[in-house]
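# An overview of the molecular structure
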Amino acid sequence: MARAVAIIGVGQTKHGRRNEVTYPDMVREAVQAVFAETGLDPKDIDGIVCGTMPSMMEGVALTHFYFADALGAVGKPMMKTETCGTTGMSLAHTGYYWVASGMADLVLVVGSEKMYEGDSQATMSTVMEPFYLRPFLTGAPGVFSIQAQQWMARYKIPEEKSREAAAKISVDHHRDAHDNPYAHIKVDLTLEDVKNSRVINYPIRFWDVCPNSDGACAVIFASEDQAKKMSLKPAWVKGLGFCGDEYWYGDSDKVAWQCAMIAAKQAYDLAGISNPRRELNVAEIYNPFTWIEMLHYECFGFSEPGRACDDVLKGVFARGGELPCDPSGGVLCTNPIGATALIRVAETALQVTGQAGAHQIEGAKLGLAHGLGGVSQFNGLMILGSEL
Amino acid sequence: MVTLSRDGKPVIKAEALVTYELALGPTWNRFFEGLKEEKILGNRCPRCRRVLVPARTFCPRCFVDMGEWLEVAQEGELVGWSLTEIEYFGMPTPPPFVTAFVTLDGADCKFMHLLGGIDLSGIDVVRKQIWNGMRVKIVWNEEKNGTIMDIKYFAPVG
Amino acid sequence: MTKHFKTLKHNIWLPYQYAVGPVFNRFYEGLKEEKIWANQCPACSKMLVPPRSFCPHCSVDMGEWVEAAQEGKIVTWMTANEPFFGQPVQPPLIGALIHLDGTDCNFLHLVGGLDLNDSAALKEKIKAGSRVRAVWRAEKKGEMLDIMYFQPIS
């Protein structure tokens, strides 16, 4: 690894339907929050990284121009990154690389989205090229429903068992969101509520699916010198990994999912992790859909292939379990896409520094944050720890 | 002009209509001309020997130009599917419809299109008619335009 | 000899609903009353029009609201003659950076009230520094084009 880098502060907006503010003002909320948290201000920052979903999401092209004022970026170098759902993770990686390279000591990283201002499914369909794919892929739920079904068929997972496990994930995460002051959806659900909710794309039902959210997240990456100078609790970057599949959805195996497994291995190798389920204390998995969360447990080595449902039903990944996943409520409860993967990073940083408040996992010291993007095309991870 | 959103906040409603004219290039041009003749054309990578369909210019894994062209079977195995009943703005295919993910005989990747010729009135009805592993076969549209929609859909065989 | 390959014609059509927020909303409401609102940064004292929620230089919340003058000068200008798909205002048009008296920034709007086809006259009447005055549209919608254009005043 290059020189040591830590996250020294995070800021989030209250995520949800934010019709009462303009997009740049909402972004500024997250930026003001991280400055308040760290005692820093724009003049201290060496560079800014920002990103969102493609311009078509909110109808203003190239949002990094639009947000320059709100980011305090006037007069500073800025980098923009967009990788669909993995945007937040790509942003975190970019911020990390900038500081790790020695070219900057303090980098502000901001992801955001204002999904209520556009049509998210219509926009996401533009990720599909119009020659072969666009008429058939019906936004995110359709893609993941195909993937979920292939997974169940490959390992002969009985449908009832997967339905029960997916429902438990939904119930657990929606309950956990109540302890997260920034989370969007806060409801109380029973297993029956989830299992009987409206079908979106079979087997995925309404309560298996993430919301559209407005929101922004800001994170400050710092060099070791800067981190040690300030009396804040640093979350050290211990490992990272990023990998992509071919573009064409039919070319890759989305069950023994190469890019997810390779990205995880990269991150684990850097962090020196050989048994993730035992060595990690917490994970914030990018979980827009309950079924896909389980597939990721297997790709990341938390469960044996085909056994994630059993582990879920045993409570392995619940808040009191062996490896709590998404104690923030996860993407299932809050999804401003350009920010979402960065929120995973921010939440993991809060966990390993003991600052997660009501949803803190006791004694968490090593955590994994994850992002998923494209038409199931990219996976990115970052591992954070309390010790250098 | 400012109007009020559903929850009473001032908003500006707008629509963006953007037009495109995308180059097909020689490879896809040949593939789509093949559709007009009711042929499904794939091609083989000279290095990894995989047959990819639709035909490609280059192999995405080996990064070399694809080699020989060949006609791929019009029948194959259904390996994934999804019923869509929800509607969103500007959807190219109006619901309800089933997206099908098929490994055509002779191809080394999966092909996506619609699945039709079945009763689409609800998930329980659909599930009784289709399942992963079943054989499906391409049905063509009478009218051909040299687009992917010249294929009407995959229909269950037998 | 190039071969001619086909193309796929394709449209993307997307709906939007932009949140206006309280600051821009107040500005738009002001336009309906033929008022041009500006506001002032409490740190650097700059007067900005259209008004903002925060000063882009100082990053602090803006302070007092003040009505800006409706007269000022042209900073720079350009003519547009070529139409493109989906233009909100059809050419020929003159776009200009306008500086209203008493404010500390410029904003984009149109220059009009003169024959846009008479290029000799245009060059006489429209120069950097030319004085202009806002001319209002009869029917107000609460948008920038409630100011129909800025007209040169001799």
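Here is a short report on the structure shown in this document. (Residues numbered from 1 in each chain as written. Chains lettered and ligands numbered in written order. Predicted model: local features only at pLDDT ≥ 70, side-chain atom pairs only at ≥ 80, totals over all residues.)

Tallying secondary structure elements over chain B gives two helices and ten strands in all. Counting from the amino terminus, helix and strand elements in chain B follow one another as β-β-α-β-β-β-β-β-β-α-β-β. In summary, chain B has a C-alpha radius of gyration of 20 Å against a globular reference of 15 Å for 158 residues, an excess of more than 25%. Here the C-alpha coordinates of chain B stretch approximately 60 × 40 × 30 Å along the principal axes. Out of the 158 residues belonging to chain B, those deemed buried represent 30%. (Helix = DSSP H or I, 4+ residues; strand = E, 2+ residues; numbered from the N terminus. Rg over C-alpha atoms; globule rule 2.2 N^0.38 Å. Buried ≥ 20, exposed ≤ 12 C-beta atoms within 10 Å, placed from the backbone.)

Here the focus is the sheet that holds strand 3 (residues 78-80) of chain A. Residues and elements named next belong to chain A. Pairing within the open sheet is mixed, and its nine strands lie in the order 3-2-4-7-1-8-11-10-9. Since the sheet does not close on itself, it has two edges, and those belong to strand 3 and strand 9 (282-284), each with one partner. Across the sheet, the mean angle from the axis of one strand to that of its neighbour is 25 degrees, orientation sign disregarded. Inspection of the sheet shows strand 1 (residues 5-12) paired to strand 7 (residues 214-223) by seven bridges, in the antiparallel sense. (Pairing = 2+ DSSP bridges. Axes fitted to C-alpha atoms, helices over the stretch in contact; angles between N-to-C directions.)

Further remarks concern the interface of chain B and chain C. Listed per partner, the contact involves 25 residues of chain B and 23 residues of chain C. Elements with a contribution of two residues or more to the side of chain B that touches chain C: strand 2 (10-23) and helix 1 (25-36) of chain B. The greatest single-element share of the side of chain B that touches chain C, amounting to 14 residues, is contributed by strand 2 of chain B. Of the residues belonging to the side of chain B that touches chain C, the class tally is 15 nonpolar, six polar and four charged. Both strand 2 of chain B and strand 1 (residues 7-19) of chain C contribute to a ladder of 13 bridges, which runs antiparallel. Within strand 1 of chain C, the position partnered with alanine 23 of chain B by the bridge is threonine 7 of chain C. (Contact = placed C-beta atoms within 7 Å. Nonpolar A, V, L, I, M, F, W, Y, C, P; charged D, E, K, R; others polar.)

Moving on, we come to the sheet that holds strand 3 (residues 47-48) of chain C. All names here are of chain C. Strand order in the open sheet made by the three strands is 3-2-4, with antiparallel pairing throughout. Here the strands that pair on one side only, and so sit at the sheet edges, are strand 3 and strand 4 (65-67). Bridge analysis of strand 2 (residues 37-40) against strand 3 gives two bridges, and the strand direction is antiparallel. Residue pairing in the sheet places glutamine 40 in a bridge with methionine 47 of strand 3.

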